[in-house]
Amino acid sequence: MVPSYENFGGKVHGGVVLSLMDKIAYACAASHSKCYCVTASVDKVDFLNPVEVGEILTLYSSVNYTGKSSMEIGIRVESENFQTGVIRHTNTSYFTMVALNRDTKSPEAIPGLLLESDEEIRRFLEGRLRRKVRKLQRHELEQARSEIDYDIDERSLEGENCKIAAG
């Protein structure tokens, strides 16, 4: 990680790490599908440890789950201080990538996974569960939004860190 990646706090900017994660997700998805792929969504990204300028960043990726045209790519990021040998887990995230037909830009069918180990079976089943949870969360959020009362006054925001501007 080079000095130009530094943020105002002296660490590597999270956006740089996220950009690298997106690139490795693309490479993994395109390699599996043999298609052009786009990022459809990214599960939450928790920055577990900061990345220091001068450290070596290693990104590991795997296709965890495949649908008809989409796949979940699991990514683990580790930073290494090559002088001390200390390796730290900095991020884990899951990218949903969609294979597209280059000409029509419509979703393209992808090959399924051949699960060859207990670890691959575990990743597939957990990927399927995350997909189900994402769908449930979308539905629950839509439901909750429909129940919001937008006609509010000062009392309905009591205890919140905001004010309604006069006027």
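The structure presented is a predicted model; accordingly, all values stated were derived computationally and were not measured. Think of each chain on its own: its residues are numbered from 1, step by step along the sequence as written. At least 70 in pLDDT is required for a residue's local features to be given in this predicted model, at least 80 for side-chain atom pairs to be given and counted, and no such filter applies to totals for whole chains, interfaces and linings, which use all residues. Remark: hydrogens and water are excluded; side-chain values derive from all non-hydrogen atoms of the structure.

We now examine the overall build of the protein chain. Comment: elements are numbered from the N terminus, with helices defined as DSSP H or I runs of at least four residues and strands as E runs of at least two. Per the secondary structure count, the protein chain includes 2 helices and 4 strands. Starting at the N terminus, the α and β elements of the protein chain follow one another as α-β-β-β-β-α. Radius of gyration: C-alpha atoms only; globule rule: 2.2 Å multiplied by the number of residues to the exponent 0.38. For the protein chain, whose C-alpha radius of gyration is 21 Å, the value lies well above the compact-globule estimate of 15 Å for 167 residues. Accessible area is worked out with a 1.4 Å probe on protein chains only. A residue is then buried under 20% of its type maximum, exposed over 50%, and partly exposed in between. Burial analysis of the protein chain (167 residues in total) assigns 28% to the buried set. Sequence separation of 24 or more characterises 64% of the internal contacts of the protein chain that already satisfy a separation of 6 or more. The charge count treats Lys and Arg as positive and Asp and Glu as negative. His and the chain ends do not count. A charged residue contributes its charge at one atom only: NZ of Lys, CZ of Arg, CG of Asp or CD of Glu. One finds the centroid of the 21 positive side-chain charges in the protein chain at a distance of 5 Å from the centroid of its 25 negative side-chain charges. Whether two residues are in contact is decided by their heavy atoms, any of which lying within 4.5 Å being enough.

Think of it this way: DSSP has to see at least two bridges between two strands before they count as a pair. One open sheet accounts for 4 strands, arranged 1-4-3-2; its pairing is antiparallel. Looking at strand neighbours, the two that pair on one side only are strand 1 (36-42) and strand 2 (56-66), the edges of this open sheet. Ignoring which end each strand starts from, the neighbouring axes of this sheet average 35° apart. Of the pairings in the sheet, the one linking strand 3 (residues 70-81) to strand 4 (residues 86-100) comprises 12 bridges and is antiparallel in character. Counterpart to Ile75 in the pairing with strand 4 is Ser93. Helix axes are fitted to C-alpha atoms over the stretch in contact, other axes to C-alpha atoms as well, and angles between N-to-C directions run from 0 to 180 degrees. Each of strand 2, strand 3 and strand 4 is contacted by helix 2 (residues 118-146), which is oriented at about 80° to strand 2, the strand it contacts most.

With that settled, the discussion passes to a nonpolar patch on the surface. What goes into a patch is any residue over 30% in relative accessible area without a salt bridge, connected to like charges within 9 Å or, for nonpolar side chains (Val, Leu, Ile, Met, Phe, Trp, Tyr), within 5 Å. Note that accessible areas follow from Shrake-Rupley with a 1.4 Å probe, and for residues the cover is restricted to the protein chains shown. Each salt bridge in this description consists of a side-chain nitrogen of Lys or Arg and a carboxyl oxygen of Asp or Glu lying within 4 Å of one another. Together, Leu115, Ile121 and Leu125 make up a nonpolar patch on the protein surface, roughly 220 Å² of accessible area in all. Among the structural elements, Leu125 can be located in helix 2. Judged by its relative accessible area of 42%, Leu125 is partly exposed.

This brings us to the pairing of strand 3. Along strand 3, 9 of the 12 residues are buried, which leaves the element largely enclosed by surrounding structure. By the bridge criterion, 10 bridges tie strand 2 to strand 3 in an arrangement that is antiparallel. Note on strand 3: the bridge partner recorded for Tyr65 is Glu72. Following strand 2, the chain reverses through 3 residues before pairing antiparallel with strand 3. Linkage of strand 3 to strand 4, two consecutive antiparallel strands, is achieved through a turn of 4 residues, within which Gly85 is found at a positive phi near 85°.

A grouping of Lys68, Arg131, Lys135 and Arg138 is seen on the molecular surface, where their side chains present a positively charged patch. Looking at Arg138, the relative accessible area reads 48%, which means it is partly exposed.

Here the focus is unusual backbone geometry. At Lys34, a position not held by glycine, the phi torsion is positive, near 60°. Counting through the fold element by element, Lys34 comes out in the loop between helix 1 (14-33) and strand 1. A positive phi angle, close to 60°, is found at Lys105, a residue other than glycine. Mapped onto the secondary structure, Lys105 falls in the loop between strand 4 and helix 2.

On to the environment of Gly10, then. As for its position among the elements, Gly10 is in the segment before helix 1. A relative accessible area of 24% means that Gly10 is categorised as partly exposed. Beyond its immediate sequence surroundings of up to four residues, Gly10 is in contact with Glu52 and Val53.

Looking now at helix 2. Multiplying 1.5 Å by the helix residue count minus one yields the expected span of that helix. The end-to-end C-alpha distance of helix 2 is 42 Å, a good match for the 42 Å that 29 residues give at a rise of 1.5 Å each. Where the residues of helix 2 are buried, they touch strand 2, strand 3 and strand 4.

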